[in-house]
Amino acid sequence: MVAEFDDVAEWTADAVEQLGPAYAVPAACRGSANPAALTWLAEVCGLGPGTTLLDVGAGVGGPSAWAAERFGVRPVLLEPMPAACRAAARLFGLPVLTADGARIPLRAESVDAAWCIGVLDTVRDKAAVLGEIHRVLRPGGSLGLLVVVAQGRQLLPPPEGNRFPTRRELTRLLTAAGFRTAGHLDRPGGPPPSWRRRAERVEALVAARHQSDPALALAARQAERFTRLFTAGQIAIRLVHAVRRPCASPRDDAR
Ligand SMILES: C[S@@+](CC[C@H](N)C(=O)[O-])C[C@H]1O[C@@H](n2cnc3c(N)ncnc32)[C@H](O)[C@@H]1O
């Protein structure tokens, strides 16, 4: 995952700087989000000018940059991979915390909304990350998720480090962390051709520049495994709108 999320992140920022700013957001949305999915998430989360949006597992920051531009939010990015953090800061100039989602360095109830886009399947302790998001969200605040979910039995090998929850497991995890699931959308539409073309152009430039680097081969193998699982119908994308319930116990308030 270091190859996929750290090395490639830095190379992506280099390629965008060469091609121009119009390539930045499509290339920096690395969790399968696109304008249709992001619009759904922004609308259900009630994002607007001045909303503080914590983006957990922000990667190179494409979704947050898009939300800042389209909805006027004030994003704070949180991402554990240092090169991805640097790439996000370079491309978008947004504030970035280099940290694990299971230990968010923010005060309780300090953010209006949170996003977690294409992240949960890459996280071993999903309950810990959701618990931390619950702690830092204000009561009644919205969490928007894009989750790659397992459908039925999985026979093909997953990308290394990925563990896909079923839809039922996801709902259970959210409930246990103190969220109410307010809505969901399965199979959001794909990106428009112009968006896809820009992302592909950046990928091609990265591939041309780093073709002999083993990290690129590793990242490509991860992507291939994803594609095979999607094509076989063994995984799918679900968007979820969850709302933070008040703390379940006084112990939660004290953290
Ligand atoms: C598929 S990428 C998605 C990035 C970004 N959300 C997007 O949509 O472009 C998954 C991201 O989750 C991050 N991640 C993995 N484990 C994490 C954790 N424990 N806490 C926070 N982020 C994590 C990875 O470093 C990676 O940047």
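Residues numbered from 1 in each chain as written. Predicted model: local features only at pLDDT ≥ 70, side-chain atom pairs only at ≥ 80, totals over all residues. Heavy atoms only, no water.

Under an unreviewed UniProt entry, the name given to the protein is Class I SAM-dependent methyltransferase, and the organism recorded is Actinomadura logoneensis.

Undergrad: Is there a simple way to explain the sheet that holds strand E2 (residues 74–79) in this structure?
TA: The sheet built from 7 strands is open, its strands ordered E3-E2-E1-E4-E5-E7-E6 with mixed pairing. In this open sheet, the two strands that pair with only one neighbour each are strand E3 (96–98) and strand E6 (179–186). Within the sheet, the average angular offset between the axes of one strand and its neighbour, ignoring direction, is 20°. As judged from the 3 bridges shared by E2 and E3, these two strands associate in the parallel manner. Bridge pairing in E3 places Leu-78 opposite Leu-97. Across the sheet, helix H3 (residues 35–44) lies against strand E4 (111–117), strand E5 (137–150), E6 and strand E7 (235–244), angled at about 15° from E7, the strand it touches most. Sheet strands in contact with helix H5 (residues 82–92) are E2 and E3, and its direction is about 170° off that of E3. (Pairing = 2+ DSSP bridges. Helix = DSSP H or I, 4+ residues; strand = E, 2+ residues; numbered from the N terminus. Axes fitted to C-alpha atoms, helices over the stretch in contact; angles between N-to-C directions. Contact = heavy atoms within 4.5 Å.)

Undergrad: How should the side chain of Ser-142 be read in this particular structure?
TA: Locating Ser-142 in the fold gives a position in strand E5. A polar contact is formed between the side chain of Ser-142 and the side chain of His-241, at a distance of 2.7 Å. Setting aside anything within four residues of it in sequence, one finds Ser-142 in contact with Val-44, Cys-45, Asp-112, Ala-113, Ala-114, Leu-137, His-241, Ala-242 and Val-243. (Polar contact = N/O pair within 3.5 Å; in protein donor to acceptor, adjacent residues only side chain to side chain.)

Undergrad: Looking at this model, I keep getting lost on the packing of aromatic side chains. Mind explaining?
TA: Taken as a whole and assessed by the stated rule, the structure comprises 3 aromatic pairs. On the basis of an interplanar angle of 75° and a centroid distance of 5.8 Å, the ring pair of Phe-164 and Phe-226 is categorised as edge-to-face. A residue pair is termed long-range when its members are at least 10 positions apart, and Phe-164 in the loop between E5 and helix H7 (167–177) and Phe-226 in helix H9 (residues 214–231) qualify at 62 residues. Neither Phe-164 nor Phe-226 differs from the other in exposure class; each is buried. Judged by centre distance (6.1 Å) and plane angle (20°), the ring pair of Phe-226 and Phe-230 falls under stacked. Within this pair, Phe-226 and its partner Phe-230 are both found in helix H9, separated by 4 residues, close to a single helical turn. We classify Phe-230 as partly exposed; its relative accessible area is 30%. Ring pairs connect the aromatic residues Phe-164, Phe-226 and Phe-230, which therefore count as one cluster. (Phe/Tyr/Trp six-rings, centres within 6.5 Å; stacked < 30°, edge-to-face > 60°. Buried < 20%, exposed > 50% of the residue type's maximum accessible area, 1.4 Å probe, protein only.)

Undergrad: Honestly, H5 in this entry has me stumped. Any pointers?
TA: Since one α-helical turn is 3.6 residues long, residues separated by three or four positions face the same way. Turning to H5, its buried residues are Ala-83, Ala-84, Cys-85, Ala-87, Ala-88, Leu-91 and Phe-92. Gly-93 occupies a position one or two residues after H5 and carries a positive phi of about 60°.

Undergrad: What's the story with the environment of Val-123 in this structure? I'm lost.
TA: Among the structural elements, Val-123 can be located in the loop between E4 and helix H6 (126–136). Sequence separation of Val-123 and Glu-17 is 106 residues, and the distance between their C-alpha atoms is 30 Å.

Undergrad: Teacher, can you tell me more about unusual backbone geometry here?
TA: For residues besides glycine, phi is generally negative; the peptide bonds are generally trans as well. The residue Ser-32 is not glycine, and still its phi comes out positive at about 70°. Its place among the elements puts Ser-32 in the loop between helix H2 (24–27) and H3. One non-glycine residue, Glu-109, lies in the positive phi region at around 55°. Within the element layout of this structure, Glu-109 appears in the loop between E3 and E4.

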